[in-house]
Number of protein chains: 2
Amino acid sequence: MDFVEIVTTRYAAKRFDGTPLPAAEVERLLDLIRMAPTAYNLQPWRVVVIPPGSERAALAEAAWGQAQIESCSHLLVFCANTALEELAQRLEERLLAGGAPAESAADFAAMARGWIAGLGEGRLAWAQRQTYLALGNGLNGARSLGFDACPMEGFRPAAYAELLGLPETLVPCALLALGRATDAPRPKLRFRRDELFLSAPAAALA
Amino acid sequence: MDFVEIVTTRYAAKRFDGTPLPAAEVERLLDLIRMAPTAYNLQPWRVVVIPPGSERAALAEAAWGQAQIESCSHLLVFCANTALEELAQRLEERLLAGGAPAESAADFAAMARGWIAGLGEGRLAWAQRQTYLALGNGLNGARSLGFDACPMEGFRPAAYAELLGLPETLVPCALLALGRATDAPRPKLRFRRDELFLSAPAAALA
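Analysis parameters
Residues numbered from 1 in each chain as written. Chains lettered and ligands numbered in written order. Predicted model: local features only at pLDDT ≥ 70, side-chain atom pairs only at ≥ 80, totals over all residues. Helix = DSSP H or I, 4+ residues; strand = E, 2+ residues; numbered from the N terminus. Expected span 1.5 Å × (residues − 1). Buried ≥ 20, exposed ≤ 12 C-beta atoms within 10 Å, placed from the backbone. Contact = placed C-beta atoms within 7 Å. Pairing = 2+ DSSP bridges. Least-squares fit on C-alpha atoms with pLDDT ≥ 70 in both. Axes fitted to C-alpha atoms, helices over the stretch in contact; angles between N-to-C directions. Parallel < 35°, antiparallel > 145°, perpendicular 65-115°, else oblique. Left-handed = near helix turned anticlockwise from the far one by under 90°. Nonpolar A, V, L, I, M, F, W, Y, C, P; charged D, E, K, R; others polar.

A. Quick look at helix H2 (residues 23-34) of chain B. End to end, H2 of chain B covers 16 Å across twelve residues, agreeing with the expected 16 Å (1.5 Å per residue, within 8%). When we look at burial in H2 of chain B, the residues that qualify are Val26, Leu29, Leu32, Ile33 and Arg34 of chain B. Each element contacted by the buried residues of H2 of chain B is listed here: helix H1 (3-9) and helix H9 (193-196) of chain A together with strand S1 (45-50), strand S2 (74-81), helix H7 (123-144) and strand S4 (170-179) of chain B.

As structure tokens, this is what we get:
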């Protein structure tokens, strides 16, 4: 499916038919998510995959009872991963294992560590933004594979962390419900181009 | 181009050949960005488009002199738009203009306003996360159109806001340099599946 078709036909499905998606298709989606753009290649996120047939009453309750939680096939919980030093360390090891010269792996890791140090109190917010790049691949990816998805922010992250037994370093920030929709998209409404894009005033650049 | 090919071949180009991309191609990209997923359809972002031929020395300086700024064709400055009440109002008007019943437009806008009110001090961070969904469409979209891109966070947002004469409500959060790359992608390195994806422990869900 062409990217234009993906982005114009994708929509947030509100109702799913409850049938499970083939596991192999979901695996393909996870690989599309895995390839998401990521600054310094730190990949500061993890996704909890909740398969069909799981008991989800408590998760639904912690998401204001929204029907997608229990009617979807797989539910993905996108979490920001704030253990950034660990990721920089792992990255350095992988660069070395992949044959990079020790100096260049060390330089890259030092650059990443410098970035991390500069984040200060913005660490979680940064990891969350990066997580949204992975989420975006999940949304477009589901459509490219011919199934439907609903991104959801309306849930209690702390309740999800507790229900899923997550460590403090993993902070849930968005859900992605996957399945076969039983509703239909409404016409896509977007603001006008001139409301979303600005031409840089020449004067400002001179 | 298939989405699998897009996400596996896309990379952060570090050098561009300096030639301008056809304006029509860039317009196509802007429309792909415009279609990005967006919570409550609020579209809380704006993108400043800096065309080829603009004087960019000051912008490069405010981005640690990175070569992409001056060697790319178009430079897009992705900004979070924090004027959320204004966007909710505009959305309600567009829903009405599009033929939605007054009550359903009002209900939708009320829901969006409730969400906005609940953001509190998280308003900017939320708008920034949403902006990254648009950025993701820009990254994948550029590849789908056959040109190259480099996402950049290494710049001084306040300096960009000043150079571009932006109002306080628009906060630069990422750059997207577009053009024809003169470098080549290195093999894509990603963490293992089991390092990025977790199966929900059955016990946690019971």
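B. Spotlight on the pairing of strand S1 (residues 45-50) of chain A. All names here are of chain A. Most of S1 sits out of view: five of its six residues are buried. The pairing of S1 with strand S2 (residues 74-81) spans six bridges and is antiparallel. By the bridge assignment for S2, Val49 is matched with Leu76.

C. Layout of the relation of the copies chain B and chain A. Superposing chain B onto chain A takes a rotation of 180° combined with a translation of 0.0 Å along the rotation axis, leaving an RMSD of 0.0 Å. The operation mapping one copy onto its partner corresponds to a two-fold rotation axis. The position closest to the rotation axis in chain B is occupied by the C-alpha of Arg129 of chain B, lying 2.3 Å away. With an isologous cut-off of 70% or more, the 100% of interface residues of chain B that recur at the interface of chain A puts this contact in the isologous class.

D. Local environment of the packing of helix H5 (residues 84-97) of chain B against helix H6 (residues 102-119) of chain B. Residues and elements named next belong to chain B. Orientation of H5 relative to H6, taken along the N-to-C sense of each, is 165°, at an axis distance of 9 Å. Compared by their axis directions, H5 and H6 come out roughly antiparallel. The element H5 and its partner H6 pack so that their crossing is right-handed. Taken together, the residues of H6 that come into contact with H5 (itself represented by Leu84, Glu85, Ala88, Leu91, Glu92, Leu95 and Leu96) are Ala102, Ala105, Ala106, Phe108, Ala109, Ala112, Arg113 and Ile116.

E. Expanded view of the interface of chain B and chain A. Counting residues at the interface gives 55 residues for chain B and 55 residues for chain A. Listed by contribution, the elements that provide at least two residues to the side of chain B that touches chain A are helix H1 (3-9), H2, S1, H5, H7, helix H9 (193-196), strand S5 (197-199) and helix H10 (202-205) of chain B. It is H7 of chain B that contributes the most residues to the side of chain B that touches chain A, eleven residues altogether. Its residues assigned to classes, the side of chain B that touches chain A shows 31 nonpolar, 13 polar and eleven charged.

F. Examining the packing of H2 of chain B against H7 of chain B more closely. Residues and elements named next belong to chain B. Relative orientation of the contacting elements H2 and H7 amounts to 140°, with a least axis distance of 8 Å. Considered as vectors, H2 and H7 are oriented oblique to each other. The hand of the H2/H7 crossing is right-handed. Facing Leu29, Leu32 and Ile33 of H2, the residues of H7 in contact are Ala134, Asn137, Gly138, Gly141 and Ala142.

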